[in-house]
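In case you want the letters, here they are:
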Amino acid sequence: MKLNIETLKDVDAWQKAGFNLPKFNLEQVKENTKTNPNWIHFGAGNIFRGFIANAQQNILNEGKSNRGIIVAEGFDYEIIEKVYKPYENLGVLVTLKANGNIEKTVIASIVESLVVDSKNEENWKRLKEIFINPSLQMVSFTITEKGYSLQNAKGEYLYDVLEDFNNGPKNPVSYIGKLAALVYERFINGKQPLALVSMDNCSHNGTRLYESVSKFVKKWVEKGLVEEDFDSYINNPKYVSFPWSMIDKITPRPDPSVREMLKRDGFEDVETVITSKNTYIAPFVNAEECEYLVIEDLFPNGRPNLEESGIIFTDRETVDKVEKMKVCTCLNPLHTALAIYGCLLGYTLISKEMEASELKKLVEKIGYEEGLPVVVDPEIIDPKKFIDEVINVRIPNPFMPDTPQRIATDTSQKLKIRFGETIKAYMKREDLNVMDLRFIPLVLAGWCRYLMGIDNEGNEMALSSDPLLEELTPYVESISLGDKGPFHRQLKPILSNAKIFGVNLYEIGLGEIVENYFEELIASKGAVRATLKKYVYSEKN
Ligand SMILES: NC(=O)C1=CN([C@@H]2O[C@H](COP(=O)(O)OP(=O)(O)OC[C@H]3O[C@@H](n4cnc5c(N)ncnc54)[C@H](O)[C@@H]3O)[C@@H](O)[C@H]2O)C=CC1
Ligand SMILES: O=P(O)(O)OC[C@H]1O[C@](O)(CO)[C@@H](O)[C@@H]1O
């Protein structure tokens, strides 16, 4: 079976092969969207197809909407050329459920795909047409955290950004410059309202997007390249809003095992493309079943009725709390603990780690015993239920091809939020004592052990990319398995760095505890697992 609109007409063949098909009139929805678009999404990658487009498809299937989504790709044009156009914007979502069931759904809610390239006359003209249409309500984004940056790591403006600052909205080349130019079109064509909704995984994402867009607006106004009022338009939420959101659905890259399964089911269009910009994308997406999307309800021109597909609309404070609940306590600290110890113990699947009772116990201790007492409770989602689902359903899902090595990427940037917030909360609370924390320090010691680049068996181990590796690994490189402590001299520069942990661990008394764990973790080959077992099963704990 090939993936295109024509083959979908052979309903029997698809259904026999176990695929769910769209239950709406594709041509009609396409036509409605063309004339009255209400939603355009920037970032044509996996999470968009695996979560967001599926949400709209559910609503269309139930007859509760008559319009689809237009997708726009402004960074990696190859995605559109190789994975959207050849399949007429269709895709297959493979949902890998924790009970082993696999659901295959043909997604047809994306009705048009465009490259955001001001040199591509046809697409640029169409984008302008969409942006000036009063019916447009929402522009959403999944463009990674990098997508919002106007500067490089040294804090210098990128070349494309500087070009656009100087040239104004005429022929923009930078990502946010192109977006700002399209919003300007809307401004000069009737000042219609609009919501720009970041759905990326960064804290306070709406503000991140606002800051980038408003930088362009300010520069252009300063240089007299746009009407002065454009600034007030962008800064008035009655016209343009930048809601915050929290998104959660583990969506790994297209996996070879899923590709083989689809092939066996007779689906022919399975090849993964690795684009020259390093996007891993295929006509199918594989993802877990569980998903959360919580969006601040701030839509000056109305919004798509996504609540019909389980998406939660609420106030900004609640979005913030949900994000903190997930990132500081209920999901990401557990992920990072499994990433560090998983790499050290030679695992290549997160789910496999959960079969080792000492690792499962470790995350239970971190989540339930150390995290939950200080969790930020968003009220709309019960933290205990959320963490139960993470520990019992999501992370152990044996069908999810997710790896500790992927999650170990950039650990130095993640520890502050994932563990530092809990440490700080213990320090603030009178009824809690930071010195009672045992398992968070064990993870931090595990990370110092990880930085040695030697696994539990004493073999060299590749470290996942991280901007601080070059700075930190030299501190521990002279240490060998079996060395005796103290290791204060070597570990102090790491453990005292408040930029990494959110606090100087020595100042609060945890530095020495981490050092002691570290000494046990390097005692011999096999000491990593032995130390874990010793502490997670100890009576005291
Ligand atoms: N995959 C996942 O499990 C989850 C992803 N997310 C969020 O979605 C983002 C994208 O994830 P996927 O779609 O799965 O990744 P992907 O690799 O499939 O697609 C990445 C998308 O971002 C664009 N992009 C990459 N670098 C860019 C840049 N410098 N400027 C502008 N656009 C750029 C690409 O062109 C592509 O559209 C993540 O970074 C995260 O913020 C959120 C929750 C889960
Ligand atoms: O540790 P990282 O790299 O942020 O990845 C965490 C994973 O879990 C999630 O937070 C789940 O939504 C995803 O963003 C990602 O797949």
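Quick caveat: nothing in here was measured; it's all calculated off a predicted structure.

Draft legend 1. Representation of the site of ligand 1. The local shell around ligand 1 holds 22 residues, among which N46, E73, D200, N201 and T251 are the closest. A distance of 3.1 Å is found between an oxygen atom of ligand 1 and a backbone nitrogen or oxygen belonging to I47. Contact with the protein chains covers 83% of the free accessible surface of ligand 1, which is 810 Å². Its residues assigned to classes, the shell around ligand 1 shows eight nonpolar, nine polar and five charged.

Draft legend 2. Broad picture of the packing of helix 20 (residues 488-495) against helix 22 (residues 511-521). Contact geometry for helix 20 and helix 22: axes closest at 10 Å, N-to-C directions at 125°. As far as their axial angle goes, helix 22 and helix 20 are oblique. Where helix 20 crosses over helix 22, the two elements pack in a sense that is right-handed. On the side of helix 20, the interface is formed by H488, L491 and L495, while helix 22 contributes G511, V514, E515 and F518. Grouping the constituent residues of the contact of helix 20 with helix 22 by class yields four nonpolar, two polar and one charged.

Draft legend 3. Focus on the site of ligand 2. The full set of residues close to ligand 2 is N201, D248, K249, I250, K326, N332, H335, R406, I407, K414 and R418. In the environment of ligand 2, an oxygen atom lies 3.3 Å from a nitrogen or oxygen atom belonging to the side chain of N332. In this structure, an oxygen atom belonging to ligand 2 sits 3.0 Å away from a side-chain N or O atom of K414. The protein chains hide 84% of the 380 Å² of surface that ligand 2 would expose on its own. Elements with a contribution of two residues or more to the shell around ligand 2: helix 12 (332-344), helix 16 (404-407) and helix 17 (411-428). Considered class by class, the residues forming the shell around ligand 2 number two nonpolar, three polar and six charged. In this structure, the shell around ligand 2 is formed jointly by two domains, domain 1 (7-314) and domain 2 (337-536), each of which donates at least three residues.

Draft legend 4. Summary view of the packing of aromatic side chains. All told, the structure shown has 21 aromatic pairs when counted by the stated rule. Consider the rings of W14 and F19, whose centres lie 5.1 Å apart with planes at 90°: the pair is edge-to-face. For the pair W14 and F19, a shared accessibility class is recorded, and that class is buried. Seen in terms of ring centroids, F42 and F131 are 6.3 Å apart; in terms of plane orientation they differ by 90°. Their pairing is edge-to-face. One end of the pair, F42, is in strand 2 (residues 39-42); the other, F131, is in helix 5 (residues 121-132), and 89 residues separate them in sequence.

Draft legend 5. Spatial organisation of the nonpolar core. With 83 residues, the main nonpolar core has Y341, I423 and W447 as its most contacted residues. Of the domains in this structure, domain 1 (7-314) and domain 2 (337-536) are the two that each give at least three residues to this core. Judged by nonpolar contacts, the second largest core, of 68 residues, contains F19, I143, V161 and L209.

Draft legend 6. Seen up close, the sheet that holds strand 2. The parallel open sheet is built from six strands, whose spatial order is 6-3-2-7-8-9. Of all strands in the sheet, those with a lone pairing partner are strand 6 (110-115) and strand 9 (240-241), marking the two edges. Strand direction decides the pairing type here: strand 2 and strand 3 (residues 69-73), joined by three bridges, are parallel. Bridging across to strand 3, I40 finds its partner in I70. Here helix 8 (residues 205-222) sits on the sheet in contact with strand 7 (138-141) and strand 8 (194-198), set at roughly 115° to strand 8.

Draft legend 7. Summary view of helix 6 (residues 159-167). Of all the positions in helix 6, only V161, D164 and F165 are classed as buried. Down the axis, helix 6 shows its buried residues gathered within 105° of arc, on one side only. Looking at the buried positions of helix 6, the neighbouring elements they touch are helix 7 (175-188) and helix 8. Count one or two residues on from helix 6 and you reach G168, which has phi positive near 80°.

Draft legend 8. Examining the domain arrangement of the protein chain more closely. Entries for the protein chain in the domain assignment read domain 1 (7-314) and domain 2 (337-536). Using C-alpha coordinates to define each centre, domain 1 is positioned 35 Å away from domain 2. Contacts between the two partners involve 17 residues from domain 1, matched on the other side by 13 residues from domain 2. When residues of domain 1 are sorted by the area they lose upon contact with domain 2, L96, A98 and Y292 head the list and together hold 34% of the total. Scanning the region where domain 1 abuts domain 2 turns up two salt bridges. The partner of D248 in a salt bridge is R394, and the shortest N-O contact between them spans 2.8 Å. Our enumeration of links across domain 1 and domain 2 arrives at four residue pairs in polar contact (both at pLDDT 80 or more). Looking at the side of domain 1 that touches domain 2, the elements with two or more residues in it are strand 14 (292-296) and strand 15 (312-314).

Draft legend 9. Quick peek at the pattern of salt bridges. One pass over the full model with this rule turns up 33 salt bridges. K191 serves as the salt-bridge partner of D229, at 3.5 Å between the closest nitrogen and oxygen. One end of the pair, D229, is in the loop between helix 8 and helix 9 (230-234); the other, K191, is in the loop between helix 7 and strand 8, and 38 residues separate them in sequence. Owing to a relative accessible area of 40%, D229 belongs among the partly exposed residues under this scheme. Of the residues examined, K191 reaches a relative accessible area of 34% and is grouped as partly exposed. In this structure, D320 engages K324 in a salt bridge whose closest nitrogen and oxygen atoms are separated by 3.2 Å. With a gap of four residues between them, D320 and K324 both fall in helix 11 (residues 316-330), about one helical turn apart. According to the relative accessible area criterion, D320 is buried, its value standing at 18%.

The rules we used
- Residues numbered from 1 in each chain as written.
- Chains lettered and ligands numbered in written order.
- Predicted model: local features only at pLDDT ≥ 70, side-chain atom pairs only at ≥ 80, totals over all residues.
- Heavy atoms only, no water.
- Near = heavy atom within 4 Å.
- Polar contact = N/O pair within 3.5 Å; in protein donor to acceptor, adjacent residues only side chain to side chain.
- Areas by Shrake-Rupley, 256 points an atom, 1.4 Å probe, with all protein chains shown as cover.
- Nonpolar A, V, L, I, M, F, W, Y, C, P; charged D, E, K, R; others polar.
- Axes fitted to C-alpha atoms, helices over the stretch in contact; angles between N-to-C directions.
- Helix = DSSP H or I, 4+ residues; strand = E, 2+ residues; numbered from the N terminus.
- Parallel < 35°, antiparallel > 145°, perpendicular 65-115°, else oblique.
- Left-handed = near helix turned anticlockwise from the far one by under 90°.
- Contact = heavy atoms within 4.5 Å.
- Domains from an automatic or database assignment.
- Phe/Tyr/Trp six-rings, centres within 6.5 Å; stacked < 30°, edge-to-face > 60°.
- Buried < 20%, exposed > 50% of the residue type's maximum accessible area, 1.4 Å probe, protein only.
- Core = buried A, V, L, I, M, F, W, Y, C linked by side-chain atoms within 4.5 Å.
- Pairing = 2+ DSSP bridges.
- Arc of directions from axis to C-beta.
- Buried area = accessible area lost by both parts, 1.4 Å probe.
- Salt bridge = Lys/Arg side-chain N within 4 Å of Asp/Glu carboxyl O.

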